[in-house]
Amino acid sequence: MKSRLFCKTATALAVSVLATGLVYAQEAAKEEAAPRAKDDTVRLGTITVVGSGAKLGTGMMLNDDSVKGRSTITKAAMEKELGTGNVLQSIAQLPGVNTYSYDATGLFGGDVTIRGFSSDQIGFTVNGVPVNDSGGYAFYAQEMIDKENVCSASVAQGSPELESPHSGATGGSVSMITCDPTDQFRIRATQTLGGLNLNRSFVRVDSGRFMNNMAKVFLSYSHAEADKWKGVGKAKKDHIDAGFSLDLNEDNKILGSVLYNRMVNQNIFSVSLAQLAANGYSGYDYATTFRPITVPPKDNNSAQITPGVDTPQSPIYYGMALNPFKNVIASVSGSFKVAPDTYLKVQPYMWYGFGNGGWSEVGLSETGSNIVLTLPGATSSTTYSPLLGGAVDLNGDGDTKDLFRVARASVTKTSRPGITGELSTTMGSHYLKAGLWYERATHTQTQPAVRIGADGVPMDIWLQEGCIQRADKSCYEGRNTKTISTAYQVYLNDQITLLNDRAFLNLGLRLPTVKRDVYNYANESGNLPFTVNNTTGAYTAGAAGTRVFQDYNIKRSFSEVLPQLGARFNINSQQHVFLNIAKNFRAPPNFAYFGSYVGLVTKNGSTNMEPLVEVKAETSVMLDGGWRFQSKDVSISATVYNKSFKNRQVQATDPNTLQSTYINAGGTTGQGLELEIGSGVVNGFSAYGSLTLQKETMNEDLRVNATGYLPTAGKQFGKVPDKMASLSLQYEEGPIYLRARGKFTAAQYVDLMNQEAAPSYSTFDLDAGYKFANWGMLKNPQLRLNIANIGNKQFRNPSSIITNAASTTLNGSGANYNPSTEFYYLGAPRLTSLTFSVDFE
């Protein structure tokens, strides 16, 4: 009943908008003054902005002829934002986008869902290079591009572009493009100061054209620091962007960029409702004092251990709650005319990343066996784990009887070279494209341990030196895996113009293949072993506490046929309707084959480990339909969509073994309406607004044990607010601009049973600036003011989706299923900053 009401409401609103546009639309030639989206002539799967983005919707909207829902924010809007911000903050007001940041500066990152798809189901690219994690598809917005160097960020809400190099996008895509070097020599310097000891310096040098006006380059550097808004700690970021453009001639062009980022952040603690109630809004975070390490005790007789024995500190000291990471994104893109109306585009790229996170303290034993102690005054026991290879003298005191408290973290190293290529030609009314993408990523994930310094900070925060060693001098590892992911895709596209350009048909086909080659090397965590009866197929778990410490290798391959069909019909020169249907695909992440995430078994007498449950690739079918009215004075876009999502991958419980495992847990169905409206500039005033109405329901109950099901069928999926609305109002005249922005986000469930929800909230930001007259060689001096969350609103967003937040009676078995605890990221308080920028020409 609620679903019918939602559909009727969405349809009625869409019809109303359509009727209004038809009444007031007038036949006229398309206005060149309105900025427009155009396919990039060099980089694959990206768009460029034609015209000035400032002339429509405060820079947050373009006139667009795409056959599907797509929204773009331009440099005209982003250059008024705080320079430390990330792309998730920039796209927050676009329809379908539900995003939040861990702090107001953007330096600590954040998360996003679009049409209910999570960030690891959305494809992100920078200059056409895929930047999701190659193993688990995570996206880290704070690591990408300096805001001053971003020319546009485009969101395809439902399906990625046909050319996009993605193996994990069942939802849409987000594309970020750097600005090309300027034609004239220029040095731009920017300095920002603000609350939370925010301090950021930025400088960019553009060479101007040289080599007979064929070439131009730019190089920029920034350094930023800011304190956490709660607890103790800070973020520190150093960033370098560089780019070049080489015009060989009118038909042949090469673009290139290198983006380097180095960050050392201290994490912001997410809290439960109980912790929030007990400690207040900003009162609970990582420990502010470090409990000193005492002399390691001897295990001569555990019954005689003296008081004061070291136990791991929890929560850990803030100086250990670290997330150091560095990465490089490098690419060269070329477009070459090889025959009349025929072009070859090629883009080799390289993505490299190294860093760690998830720090914790653990207890280690020299003895070669587990030591479990309940210390004087403690309410629970502490386990000191042995190292592989037997007893070892870790501190060099001549015995193997000591118990240690050490620090460890998960280290990730990724080397990800790839290449995309496309051949295109025009034949009459057909624009034909054929393309290929190939990538081979090596992704190592380890978990070494190091000693803790007297100041509470690990002896090496990058975990490259001083590891705790086994008897054979190899490093202790809480995990130790290497994944080689090979992805390739062939795509074909025919774009057909019909009826004297009034109609347009887009036929596309993608054929992706993803191969996972996962190596697990014996490590101190081990795996709980299972055996399978080859006759009955039943699984048997090993004895309680039994772990297997062995190497294994799992290889899997996933392929899919992904058609796309889109159409557009021009009602007149200012209006068109569009329709698009596309199938999308996501191969299982590499951790679907890790013993820490899934149960493993030996099959058919083999000693090699295999996953208990084979995980299928996710697929979705997205149907978009809509209408656009476009002029220089006002543009309106209305899109309705329906999505069908199959083989949703979640962490659940295997029904045969009751082992927590990563499996397919059914599908979801969703519908929605997305509206955008942007005005031209009238007497200095312009406006932008968006509205999102959406609903996503689960299709079936979730099986959690052999006979029991959580009654999730018909429930609303988590982290999908049913309403979102945003508004941006701007005045810009002469040297002054003033912009006010606001967004409303409705309540959103945090669990699949709809038993707990994060409340609705509204936030407002204010941006202002004044441009001074030139001072000799100093050009365009400008002072900017940014105030985030001006109302100091307190709100929260769920960090993840849990199964159930309250005890639930299972269908089938009638048994009680215990709840999980949700943890929230809290909205950051008001932040005020001032930025001064000037050009030297």
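Below or above, wherever it landed, is the structure these notes cover.

About the thresholds
Numbering of residues begins from 1 in every chain and follows the order in which that chain's sequence is written. With the structure being a predicted model, the display of local features is reserved for residues of pLDDT at least 70 and the display and counting of side-chain atom pairs for 80 or more, all residues being used for whole-chain, interface and lining totals. To get the side-chain values, all heavy atoms of the structure are used, and hydrogens and water are removed first. Secondary structure elements are taken from DSSP: a helix is a run of H or I of four residues or more, a strand is a run of E of two residues or more, and numbering for both begins at the N terminus. Only protein chains enter the calculation, and the probe is 1.4 Å; a residue is then buried if its accessible area is under 20% of its type maximum, exposed if over 50%, and partly exposed in between. Contact definition: two residues touch when any of their heavy atoms are within 4.5 Å. Exposure was quantified through the Shrake-Rupley algorithm and a 1.4 Å probe, taking into account, for residues, occlusion by the shown protein chains and nothing else. Defined by distance alone, a disulfide is two cysteine sulfur atoms within 2.5 Å. The pairing criterion is simple: DSSP has to find at least two bridges between the two strands. Candidates for patches are residues over 30% relative accessible area with no salt bridge; among them, like charges are joined within 9 Å and nonpolar side chains (Val, Leu, Ile, Met, Phe, Trp, Tyr) within 5 Å. Here a salt bridge means any side-chain nitrogen of Lys or Arg lying within 4 Å of a carboxyl oxygen belonging to Asp or Glu. What is meant by a nonpolar core is a set of buried Ala, Val, Leu, Ile, Met, Phe, Trp, Tyr and Cys residues, joined one to another through side-chain atoms within 4.5 Å.

The next point concerns the overall build of the chain. Scanning the chain for helices and strands turns up four helices and 51 strands. Scored against the burial criterion, the 841 residues of the chain give a buried share of 56%. Put simply, 69% of the contacts in the chain that link residues at least 6 apart link residues at least 24 apart. Just so you have it, the chain exposes about 33,100 Å², and 56% of that area is on carbon and sulfur atoms.

Now for the state of the cysteines. Following the criterion strictly, the structure yields two disulfides and no others. Note that cysteine 151 is cross-linked by a disulfide to cysteine 179, the S-S spacing being 2.1 Å. Between cysteine 151 and cysteine 179 the sulfur-sulfur dihedral comes to about 115°; the bridge is accordingly right-handed. Residue cysteine 151 is located in strand S9 (residues 150-156), and its partner cysteine 179 is located in the loop between strand S11 (173-178) and strand S12 (186-194); the two are separated by 28 residues in the primary sequence. The side chain of cysteine 467 participates in a disulfide bridge whose partner is cysteine 475; the two sulfur atoms lie 2.0 Å from each other. Its torsion about the S-S bond being -70°, the disulfide of cysteine 467 and cysteine 475 is classed as left-handed. Cysteine pairing in the chain follows 1-2, 3-4, where each cysteine in a disulfide is numbered by its order in the sequence.

Taking every second residue as pointing to the same face, the buried face of strand S13 (residues 198-206) carries Leu198, Arg200, Phe202, Arg204 and Asp206, while none of Asn199, Ser201, Val203 and Val205 on the other face is buried. Here S12 runs beside S13; their pairing, made up of nine bridges, is antiparallel. Within S13, the position partnered with isoleucine 187 by the bridge is valine 205. As judged from the eight bridges shared by S13 and strand S14 (residues 215-227), these two strands associate in the antiparallel manner. Looking across to S14, one finds that arginine 204 is bridged to serine 220.

In this section: the environment of proline 829. Looking at the element boundaries, proline 829 is found in the loop between strand S50 (824-826) and strand S51 (831-840). The spatial distance from the C-alpha of proline 829 to the C-alpha of lysine 230 is 9.5 Å, given a sequence separation of 599 residues. Beyond its immediate chain neighbours, meaning those up to four positions away, proline 829 contacts Ala104, Trp229, Ala788, Asn789 and Asn792.

With that settled, the discussion passes to a nonpolar patch on the surface. Together, Ile736, Tyr770, Phe772, Trp775, Leu783, Leu834 and Phe836 line one region of the surface with nonpolar side chains, adding up to about 610 Å² of accessible area. Structurally, the position occupied by leucine 783 is in strand S46 (residues 778-788). Given a relative accessible area of 34%, leucine 783 falls into the partly exposed group.

So, about the nonpolar core. The tendency in soluble globular proteins is for nonpolar side chains to be buried as a group. Core analysis: the largest hydrophobic core is formed by 55 residues, its most contacted members being Val87, Ile91, Phe124, Phe139 and Met176. For methionine 176, the contacting residues outside a window of four places in its chain are Val87, Phe124, Thr125, Val126, Asn127, Phe139, Met144, Ile145, Ser152 and Ala153. In terms of nonpolar packing, the next biggest core, distinct from the first, is built from 38 residues, Tyr100, Tyr317, Val411 and Leu463 among them.

Below, the discussion takes up the sheet that holds S11. As summarised here, the arrangement of the five strands in space is S3-S9-S11-S7-S8, forming an open sheet in which the pairing is mixed. Each end of this open sheet is capped by a strand with a single partner; those strands are strand S3 (71-74) and strand S8 (129-130).

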